[in-house]
Amino acid sequence: ALTNKGVHVVTVNDYLASRDQISMGQIYRFLGLDTGLIQEDMSFLERQQNYRADITYVTNNEVAFDYLRDNMASNLNQVVLPPFNYCIVDEVDSIFIDEAQVPLIISQAVETCIDKYIVAAEVA
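1. What about the pairing of strand β3 (residues 55-59)?
Then comes step 1: Of all the five residues making up β3, five are buried; the element is thus mostly covered by neighbouring parts of the structure.
Then comes step 2: Taking every second residue as pointing to the same face, both faces of β3 are buried, with I55, Y57 and T59 on one and T56 and V58 on the other.
Then comes step 3: As defined by bridge partners, strand β1 (residues 7-11) adjoins β3 across five bridges and the pair is classed as parallel. In the sheet register, H8 faces β3, and the bridge partner there is T56.
Then comes step 4: Where strand β2 (residues 35-37) and β3 come together, three bridges link them in parallel fashion. Residue pairing for β3: T35 is matched across the bridge by I55.
Then comes step 5: Read from β2 through helix α2 (residues 44-51) to β3, the crossover connection turns out right-handed.

2. Considering the pattern of salt bridges
Then comes step 1: Applying the stated rule across the entire model yields four salt bridges.
Then comes step 2: Ionic pairing is found between E62 and R47, a salt bridge with its closest N-O pair at 2.6 Å. With E62 in helix α3 (residues 60-72) and R47 in helix α2, this residue pair connects regions lying 15 residues apart in the sequence. R47 shares its class with E62; the two are buried.
Then comes step 3: D66 is the partner of R47 in a salt bridge, and the nearest nitrogen-oxygen pair spans 2.9 Å. Taken together, the residues R47 in helix α2 and D66 in helix α3 connect sequence positions 19 residues apart. Here R47 matches D66 in class, with each residue buried.

3. Some thoughts on the packing of aromatic side chains
Then comes step 1: The final tally for this structure, using the stated rule, is one aromatic pair.
Then comes step 2: For the ring pair Y67 and F84, a centre distance of 6.2 Å and an interplane angle of 40° mean the geometry is tilted. Separated by 17 residues along the polypeptide, Y67 in helix α3 and F84 in the loop between α3 and β4 (86-89) bring together distant segments of the chain.

4. Notes on a nonpolar patch on the surface
Then comes step 1: On the surface, a cluster of nonpolar side chains totalling about 450 Å² of accessible area is made up of M24, I27, F30 and L31.
Then comes step 2: Assignment of secondary structure puts M24 in helix α1 (residues 14-30).

Calculation notes
Residues numbered from 1 in each chain as written. Predicted model: local features only at pLDDT ≥ 70, side-chain atom pairs only at ≥ 80, totals over all residues. Heavy atoms only, no water. Buried < 20%, exposed > 50% of the residue type's maximum accessible area, 1.4 Å probe, protein only. Helix = DSSP H or I, 4+ residues; strand = E, 2+ residues; numbered from the N terminus. Pairing = 2+ DSSP bridges. Right-handed = clockwise from strand over helix to strand, strands pointing away. Salt bridge = Lys/Arg side-chain N within 4 Å of Asp/Glu carboxyl O. Phe/Tyr/Trp six-rings, centres within 6.5 Å; stacked < 30°, edge-to-face > 60°. Patch = residues over 30% accessible without salt bridge, like charges linked within 9 Å, V, L, I, M, F, W, Y side chains within 5 Å. Areas by Shrake-Rupley, 256 points an atom, 1.4 Å probe, with all protein chains shown as cover.

The quantities given are spatial measurements derived from coordinates; they are silent on function.
Right, here's the structure in full:
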């Protein structure tokens, strides 16, 4: 965080992320650093602002889905995550073993061009 490249502190649930951001945030602010918190119900702009903090507290699911959404973005204005620098994973055994059993799936509507189907139906 001292290099102004940011640190992600990843934990298993919103309660722990919020609790740690509040309690440790006091120390970080005293040291001149700012903290961010990513929660499930945040808007796109709130996520961008909180990810820009020196230290960002986030759950494993939120950072994983933000990563997937960012990779589906059609331009850089739709990206919330900054380039990754450093990450601290709290309760790593729970995240990498217990949570790894649940696949993360993200989808979006795809425009289908029906012209080809119409032509194929006419030919058949």
